[in-house]
Structures are given as C-alpha cells and as structure tokens.
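What the coordinates show
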Amino acid sequence: MFSAQFLDYAGAMYIASRFWVEPEEALRQAARIGVGNLITHGERGLDATLLPFNLATAADGTPVLHAHCGKVNPQWQDEGECLMVVTGPNAYISTADMPPAALHSRLARVPTWNYVTVHLRGQLIAHHDAEWKLRTLGELLAAHEPNWEPGRELIPGVNLGTVLEASQEPGREQSQGPSREKLPPMLRALVGLEIRITSVEGKAKLSQNLGAAEIRHTAQSLRARSAEGGKDAPSAPSTPSAPSADNEPSTSSAGSAPGVPEDAETVPGHGDYYPAYSDPWARAQAGYVADLMERIAVPWAENREGRVEDATQKHAERMAAWRESTPYGGEDGLTARDIAEAIQADYERE
C-alpha cells in the first residue's frame, strides 16, 4: 500500500514493546478510522481540530494525508511540522472482565483501558487550488460512499467534471484553475490540507500483559457487555442523601449521591449509571476492542508463550547436560527451574 522506505519509525510516543504496531498496519488502521485530531503550533500557540481525512500515496511512494477545513479556521496557516492523532476503538476494562489472577501471580488485577491509537507526523501544506480541493473531496466521498459516482455533485452547484472542464478553457492557464465566479461560496470557503507523512507510530494496548487464554476470557466479557448493555453492571452502594429540612438524615435510592435528584441515574458519575456498561457508544466500542484483542493480542500472546516454552526447554536441556559434565554442580548449583523462571520473568517484563 505504501512504500516503507520513506517512513521514519522512531517518534516521540511512548510505546512498550508489546504494544508496538507495524507501521504498515498502523497506516491501515488509520485509513479505516478516517478521522483524527490535527495538532499544530503557530503564532497562536498549540491548536487542534478534528478532521476527516483520506490517505493516499505520492508519486515517489510517500504516504500523504488529504483533508480540508474552513478558511475561517486559522489553523491552516500553521504550515510546517504537524501531528495527526488518530484514535481507534477503546474501552474500559474492569477487573470483573478478567479471569481471577493465578495464585503465583506477582501482580494484582487492576482496572485499565484498552485502546488503539496512531500518530502521523509530517509537514502540513495548505492548498487553495480549486482543482486540488475538488479532487481530494471526491477521494473522501468515494472512501465513504460506495455508490458515489464522479459525475455526482460534490456540493450543491459543484459538479466535479464541469469545474475541471472550466479550468481547461482556451486562454486560461491550467495552474489558474476555474474562474472565481464559477465557484460557489461553499467551495471558496474551504482550504485543502495535505500532510506529507514522515513518521508513523502505532500503538495497540490490548491486555498483552495477560496470557492468551486470559485475553480470550476478557474479550468474551467485553463482547457480552457490548451485547447486553447494563444488565450485568455492578450495583452501586447506598449513599446517604442530604439531610432533610427537619435535620433528620434520610437515605435515597441505591447509588444516589448527596443532594442528587432521584433521576440522577441518567447523569454520568451518579447513581447506577456506569458509562462503560450503560452508554450505547461505550458498549459498541467494547465490542470493537474485543475483536481487536482476539485478532491482535491473542496471537501475540500465543507467540510469546511458545517462545518462553521453547527457551525453557532448551535451557533445561543445557542445564541437564551441564550437570552431567560438571562434578561440582550437585545440589549447591543453580537448577534448571531457576533458569527457566528467570527467563520467563524476563519475557514478562518486556
């Protein structure tokens, strides 16, 4: 899809080795998501805008990102170095989603958040040329509407073919593009944005600290939450409400906070409203994260477990041979189990 030779994989985002995503896969994930926060730094300081985009490939194989914003948004003036942060599926992971920790586990089970994110760094270039804007708008529509046809109006009064033909009128240089009077205000109000990507960083935090079977268990719990909603949400403890007028303490329904109305269960953070369990968007995200855990994290964990098992077996064989050939090995030396446990601990610290 893209030429890897043009990409610098070393960036600034912290990524533990177990969460690292191949740049080509990170670009594919970014293309699927198709929207991100463009972050720039200019005369006004830091700026950010959520923008839909389309990934394309330059003539030399370099990946480029095409987007657009309103001309009234001054961020297009921040040409130069920029960062596009693409946030993928993400979900809260409760300890109730995980299997119980093994007795020999050194770490306790704690709540966490699983997510996929991609950082695209590059050089921002603003485009005012009508042909460039129309072409990239067409790319964006084609990416999201499978039945879109090139002859269809992009925006009211703007037909791609008609405008491009106008740019080829006799006596008008192609670089000039269509005359201003033939462009409706909506098109003139847009600025095209191009990011020539120089660095790609992908991170998929999907419970890779767990074993393959534990990841499957957690993914199944997330999928059940996605399908059933708040059915299995934990119950909130009863909390005393504000004192009544006669100073007699009273209690409200389970989970109500002091001074919160009876219908507060519809307010995030109050009552038995748990966003991770009750919010439709969060439940949908949990289902997406479960799919990614099974597709990415489970194979990774299985590969790690296989490597640990192979390394343990090899070292056990080497230790057995060493003991047979070393007269002073005996009970005072290291055992094969000591070596195997040390190796496994190293893999767990990756």
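Residues numbered from 1 in each chain as written. Predicted model: local features only at pLDDT ≥ 70, side-chain atom pairs only at ≥ 80, totals over all residues. Heavy atoms only, no water.

A short note on the overall build of the protein chain
The number of helices and strands found in the protein chain is eight helices and ten strands. Burial statistics for the protein chain: of 350 residues in total, 41% are counted as buried. Long-range contacts, defined as pairs at least 24 residues apart, comprise 71% of the intrachain contacts of the protein chain with a sequence gap of at least 6. Total accessible area on the protein chain stands at roughly 19,700 Å², and carbon and sulfur atoms take up 54% of it. (Helix = DSSP H or I, 4+ residues; strand = E, 2+ residues; numbered from the N terminus. Buried < 20%, exposed > 50% of the residue type's maximum accessible area, 1.4 Å probe, protein only. Contact = heavy atoms within 4.5 Å. Areas by Shrake-Rupley, 256 points an atom, 1.4 Å probe, with all protein chains shown as cover.)

Some thoughts on the environment of Thr62
Structurally, the position occupied by Thr62 is in the loop between β4 (54-57) and β5 (63-70). A relative accessible area of 11% means that Thr62 is categorised as buried. In this structure the C-alpha to C-alpha distance between Thr62 and Thr198, which are 136 residues apart in sequence, comes to 8.2 Å.

Concerning the confidence of the model for the protein chain
When pLDDT is averaged along the protein chain, the result is 76, and 65% of the positions lie at 70 or above. Confidence over residues 166-178 falls short of pLDDT 50; this stretch has 19 contacts with residues more than four positions distant or in other chains. Here residues 230-271 scores under 50 on pLDDT; set against residues more than four positions off or in separate chains, the count is 44 contacts. (pLDDT = per-residue confidence, 0-100.)

As for the pairing of β4
Here β4 pairs with β5 via four bridges, running antiparallel. Bridge pairing links Leu55 to Leu65 in β5. Linkage of β4 to β5, two consecutive antiparallel strands, is achieved through a turn of five residues, within which Gly61 is found at a positive phi near 95 degrees. (Pairing = 2+ DSSP bridges.)

Some points on the pairing of strand β6 (residues 80-93)
Of all 14 residues making up β6, eleven are buried, and the element is well covered by its neighbours. Relative to β6, strand β2 (residues 35-42) runs antiparallel, the two being bridged by four bridges. Opposite Asn37, over in β6, you have Val85 as the bridge partner.

Regarding the nonpolar core
Among soluble globular proteins, nonpolar side chains are generally buried collectively. Counting residues in hydrophobic clusters, the biggest one holds 43 residues, and the most contacted among them are Leu65, Leu120 and Leu193. Those elements giving two or more residues to this core turn out to be α1 (23-33), β5, β6, β7 (112-127), β10 (190-205), α5 (212-228) and α7 (280-325). No other element matches α7, which puts eight residues into this core. The two domains that each donate at least three residues to this core are domain 1 (17-96 + 111-164 + 184-205) and domain 2 (211-229 + 275-349). Setting aside its immediate chain neighbours within four residues, Leu193 contacts Leu38, Leu51, Leu65, His66, Ala67, His68, Cys69, Trp76, Leu124, Ile125 and Trp132. (Core = buried A, V, L, I, M, F, W, Y, C linked by side-chain atoms within 4.5 Å. Domains from an automatic or database assignment.)

Some remarks on the packing of aromatic side chains
All told, the structure shown has one aromatic pair when counted by the stated rule. A ring pair is formed by Tyr92 and Trp113, whose centres lie 6.0 Å apart and whose planes are at 65 degrees; its orientation type is edge-to-face. Of the two residues, Tyr92 sits in strand β6 while Trp113 sits in strand β7, which places them 21 residues apart along the sequence. A residue is classified by how much of its surface remains accessible, and Tyr92, at 28% relative accessible area, is partly exposed. (Phe/Tyr/Trp six-rings, centres within 6.5 Å; stacked < 30°, edge-to-face > 60°.)

Considering the pattern of salt bridges
According to the stated counting rule, one finds eleven salt bridges in the structure shown. For Arg109, the salt bridge identified is with Glu214, shortest N-O distance 2.6 Å. In this pair, Arg109 is assigned in the loop between β6 and β7 and Glu214 in helix α5, connecting sequence segments 105 residues apart. A residue is classified by how much of its surface remains accessible, and Glu214, at 25% relative accessible area, is partly exposed. Among the salt bridges present, the one from Arg196 reaches Glu194, with a minimum N-O distance of 3.5 Å. Here Arg196 falls in the partly exposed class, since its relative accessible area comes to 44%. The class of Glu194 is buried, set by a relative accessible area of 8%. (Salt bridge = Lys/Arg side-chain N within 4 Å of Asp/Glu carboxyl O.)

Looking at helix α2 (residues 130-144)
A rise of 1.5 Å per residue sets the reference length of α2, with its 15 residues, at 21 Å; its end C-alpha atoms lie 21 Å apart and thus fit the reference within 8%. Those residues of α2 lying buried are Ala130, Trp132, Lys133, Leu134, Thr136, Leu137, Gly138 and Leu140. At the N-terminal boundary of α2, the capping side chain belongs to Asp129, with an oxygen 3.3 Å from the backbone nitrogen of Glu131. (Expected span 1.5 Å × (residues − 1). Polar contact = N/O pair within 3.5 Å; in protein donor to acceptor, adjacent residues only side chain to side chain.)

Observations regarding α1
Within α1, burial applies to Pro23, Glu25, Ala26, Leu27, Gln29 and Ala30. The positive-phi residue at the C-terminal boundary of α1 is Gly34, with phi of around 75 degrees.

Side note on unusual backbone geometry
For residues that are not glycine, phi is negative in most cases, and the peptide bond is trans in most cases. In this structure, Ser207 takes a positive phi of about 65 degrees despite not being glycine. Positionally, Ser207 belongs in the loop between β10 and α5. The class for Ser207 is buried, based on a relative accessible area of 5%.

Description of the side chain of Thr40
Considering the arrangement of structural elements, one finds Thr40 in strand β2. A distance of 2.9 Å separates a polar atom in the side chain of Thr40 from a polar atom in the side chain of Asp78. Those residues in contact with Thr40, other than ones at most four positions away along the chain, are Gly45, Leu46, Asp47, Gln75, Asp78, Cys82 and Leu124.

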